[in-house]
Each structure stands twice: as C-alpha cells, then as structure tokens.
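Reading the structure
Residues per chain are reported as follows:
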Amino acid sequence: MSYEKYLSVAPEIAEALKAGKPVVALESTILSHGMPFPENVEFAHKVEEIVRGEGAIPATTAIIGGKLKVGLSSEELDLMCKADGVGKVSRRDVAVYLATGATGATTVATTMLIAELAGIRVFATGGIGGVHRGAQETMDISADLQELANTKVAVVCAGAKQILDLGLTLEYLETYGVPVLGYNTDEFPAFYCRSSGYKLDRNVQTPEELARILYTKWDLGLKGGVVIGNPIPEEYALNYDEMEAVINKALQKADEKGIRGKYITPFLLAEIKDMTKGVSFASNLQLAYNNARLASKIAVAYSKLV
Ligand code: PSU
Ligand code: MN
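A brief look at the structure comes next. (Residues numbered from 1 in each chain as written. Chains lettered and ligands numbered in written order. Predicted model: local features only at pLDDT ≥ 70, side-chain atom pairs only at ≥ 80, totals over all residues. Heavy atoms only, no water.)

1. Observations regarding the site of ligand 1
As a reminder of what qualifies: We call a residue near a molecule or strand as soon as one heavy atom of that residue lies within 4 Å of the molecule or strand. The term polar contact refers here to a pair of N or O atoms within 3.5 Å; inside protein, the definition further demands a hydrogen-donor-capable atom paired with an acceptor-capable atom, and it admits residues adjacent in sequence only when both atoms are side-chain atoms. Only the protein chains shown count as cover for residues, with accessible areas throughout obtained via the Shrake-Rupley method and a probe of 1.4 Å. Each helix is a run of H or I in the DSSP string that is no shorter than four residues. Each strand is a run of E no shorter than two, and both are numbered from the N terminus.
Around ligand 1, the structure places 14 residues, and the nearest of them are E27, K88, S142, D144 and K161. A distance of 2.5 Å separates an oxygen atom of ligand 1 from a polar side-chain atom of K161. Interatomic distance of 2.8 Å between a side-chain N/O atom of T265 and an oxygen atom of ligand 1. Notes on ligand 1: free accessible area 470 Å², of which the protein chains cover 92%. Sorting the residues of the shell around ligand 1 by element identifies α2 (29-32) and α12 (264-275) as the ones contributing at least two each.

2. Remarks on the environment of S142
Within the secondary structure, S142 sits in the loop between α7 (135-138) and α8 (143-150). Measuring from C-alpha to C-alpha, the distance between S142 and H45 comes to 27 Å, with 97 residues separating the pair along the chain. A polar contact is formed between the side chain of S142 and the backbone nitrogen of D144, at a distance of 3.0 Å.

3. So, the packing of aromatic side chains
Where we set the bar: For Phe, Tyr and Trp, where Trp contributes only its six-membered ring, two rings pair if their centres lie within 6.5 Å, and the inter-plane angle classes them as stacked under 30 degrees, edge-to-face over 60, or tilted in between. Burial status follows relative accessibility: with a 1.4 Å probe on protein chains alone, a residue under 20% of its type maximum counts as buried, one over 50% as exposed, and anything between as partly exposed. Both a distance and an angle decide whether a charge sits over a ring: NZ of Lys or CZ of Arg must be within 6 Å of the ring centre and within 35 degrees of the ring normal.
In the structure shown here, the tally under the stated rule is 4 aromatic pairs. An angle of 25 degrees between the planes, with centres 5.4 Å apart, marks the rings of F43 and Y289 as stacked. Here F43, found in helix α3 (residues 39-53), pairs with Y289, found in helix α13 (residues 279-303); they are 246 residues apart in sequence, far enough to count as distant. Ring geometry for F191 against Y192: centres 4.8 Å apart, planes inclined by 85 degrees, an arrangement best described as edge-to-face. This pair shows no difference in class: F191 is buried, exactly as Y192 is. Over the face of the ring belonging to W218 we find R121, whose NZ or CZ atom lies 5.3 Å from the ring centre.

4. Things to note about the side chain of N40
Keep this limit in mind: Any two residues having at least one pair of non-hydrogen atoms within 4.5 Å are treated as being in contact.
Residue placement: N40 occurs in helix α3. Apart from the residues lying within four places of it in its own chain, the contact partners of N40 are L31, M35 and C81.

5. Some details on the side chain of S296
Tracing the backbone shows S296 in helix α13. With relative accessibility at 0%, the residue S296 sits in the buried group. Here A292 takes part through its backbone oxygen, which lies 2.7 Å from a polar atom of the side chain of S296.

6. Considerations on helix α6 (residues 108-118)
With respect to burial, α6 is a largely interior element, 9 of its 11 residues being buried. Along α6, the positions that sit buried rather than exposed are V108, A109, T110, T111, M112, L113, I114, A115 and A118. One or two positions beyond α6, positive phi appears at G119, with a value near 90 degrees.

7. Quick look at the environment of D274
Here D274 is to be found in helix α12. A sequence separation of 270 residues divides D274 from E4, and the C-alpha atoms of the two residues are 42 Å apart.

8. What about the pattern of salt bridges?
If the charged atoms of two oppositely charged side chains come close together, the side chains can form a pair. Heads up, the rule is: The term salt bridge refers to a pairing of a side-chain nitrogen on Lys or Arg with a carboxyl oxygen on Asp or Glu at a separation within 4 Å.
All told, the structure shown has 9 salt bridges when counted by the stated rule. The partner of K199 in a salt bridge is E187, with the nearest N and O atoms 3.5 Å apart. Here K199, found in the loop between β9 (180-183) and β10 (202-204), pairs with E187, found in the loop between β9 and β10; they are 12 residues apart in sequence, far enough to count as distant. Its relative accessible area of 16% is what places E187 among the buried residues.

9. Focus on a nonpolar patch on the surface
Our working rule: Two distance rules govern patches: like charges are joined within 9 Å, and nonpolar side chains (Val, Leu, Ile, Met, Phe, Trp, Tyr) within 5 Å, applied only to residues with over 30% relative accessible area and no salt bridge.
Together, M1, Y3 and Y6 line one region of the surface with nonpolar side chains, adding up to about 390 Å² of accessible area. Looking at where Y3 falls in the secondary structure, it is placed in the segment before β1 (7-9). You can call Y3 partly exposed: its relative accessible area is 30%.

10. Brief notes about the environment of I141
Secondary-structure assignment places I141 in the loop between α7 and α8. On the basis of relative accessibility, which here comes to 35%, the residue I141 falls in the partly exposed class. A C-alpha to C-alpha distance of 18 Å links I141 and G34, two positions 107 residues apart in sequence. Those residues within four positions of I141 in sequence are excluded, and the remaining contacts are G130, V131, A135 and Y172.

Encoded structure:
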C-alpha cells in the first residue's frame, strides 16, 4: 500500500498539516454537480476566503491528472466549476479515475477518504447524502453514510435535503455508530430549513466542545466520522412545507424520466433551483458559507487539542 504516490497536497497545506495548524477540507461535487456555472466560481473562492478569515487553511479536493488533489489552484477551481467532462466520483470510482487520468469531482464520501489520507480531520459541505425516499425498493443509500461509518473525518453540514428520507438516514447513522450532533439545535437540520422534526441526542453549543468530542472519539480509537448539523441562518431559511411541495414535484419528474443512481441527486438539485427561481440557490450559498465558518472554528479548536 503506497497511497502517497497518488496524493498531491498543495505546499501551503502540507506545511500547515506538518505544523499542526488548522485545515478544512472542502468538496468539489458541490461545485461541478451541485451549482450552476459561473455562480459556482464566485462560491468556490468565497468559501475558501471564509475559511482563511477564521484562521484556517482551505483544502478543496478533486481528482485531476491521476492524483488525489488536496488544495486547488485558481485554474483547477475553474476546471471543476466549468465541469466539462468532469465526473462525479464516489468511493467506488476512485481507482478508475486515478488509473485512467480522468477528471473527477469529489462527493462527501470521496472528500472524506482523501481528507483522512492527507491527515485533515474537519470538512465543510452543504448537505450530506443519505437514504433516499423509497430506498426500501431501490436500495439507493448514499456511499456518504458508509464513509461516515468508517473514515475519521467530521462533516459540518446543514443536515440533509428533504429529497432524502431523513428518518431512515438518521437510523442508518445510528446503526453504524456515527454521532450526529446539533450545533445550537435540538433537531437535525433539513438543509433549507432549520428543523426537520427529527430530534437529535445532543445539542452542542460551542466549537470548542465539538472539538473535544472529536478528539475524544478518535483518542479512544473509535473509527468513523461525526456529523455536525449546523442550521441555515434564520434570515435565509425557507418554509418547510413549500420546499416539501417543490421536492415532491422534482421527485415525480425524476421518476417519470427514469432518472436513477448517481444522477438522481444532481437532477433533483437542478430541478429545485429552477422551480424556486434561484431563491433556494441563494439559501444554498449562505448555508454553505455558514458551515465553512463553523468548520474553521472547530478546526482551530481541534488543533489546540492534538
Ligand atoms: N446534497 C446536496 N448537495 C450536493 C450533494 C448532496 O444538497 O451537492 C452532493 C454531495 O457531494 C454528496 C453527493 O456527497 O451529492 C451525494 O450523492 P449520492 O446521493 O449519489 O451519494
Ligand atoms: Mn445513490
């Protein structure tokens, strides 16, 4: 096993990690398959600036030229945002993309995998994948959940979208021993909405306490990640029932068109954006910025414990 030869860590990030400084991983599927061009370019840069503003180093990941890239140049960010011929890479696809030199955007699962190899413990995204509605029939369960079960990275997210079965997603995470913590919330957030109706076991109120929980989990030798649910800021939150109606329409359209598997999540994201005339997109940006801010604070606190 010699994963080092596949890893390409930007010098600034490699130095920060060596010195025990805080680094925050960021994914690229949110850029290539979750947001439209060219708005995603501004987002890609701004989210990195937010991380820097909090005193951490941003590490956007992707697969480019046969390498697992940790930290992208401006040109590489552009490449991911244009998304021309850029695939969506989950764990199962990693070896194919590396061996063939294809360009791939990393999902939550793959970003966690790469972050762990690089030694990054905190990762900020929008929402995690989960158990899809109707999974009893389709068995469509995001690889993000198995990655959370096995890989030592904390994922700061606004929960998950109502496109999923949030109840089953939480049951799955419980079965696999993944802590799901709320940041100043008693409920699992539903992405555009602050509450989902699903109660969490623990409402943690500070980044320092979150960092202590991460430290303790991994100090104990427990494998796997942690989900940190950070609700969208009040002023950008959307109405749950209205979003439910939009999502039901999008799900129906996906069903009619026979869209399945890895294509379903990007399809639903694009439909929701179109149907809400961009209102949901503005919220999407803000919740992702909010997650980057919290993840950076946690990474700073965590770096003082190790
Ligand atoms: N959910 C979102 N936005 C996203 C994704 C999920 O609200 O961009 C992306 C993430 O990269 C996540 C992936 O890891 O979709 C999950 O895809 P799948 O359901 O095919 O596992
Ligand atoms: Mn799936």
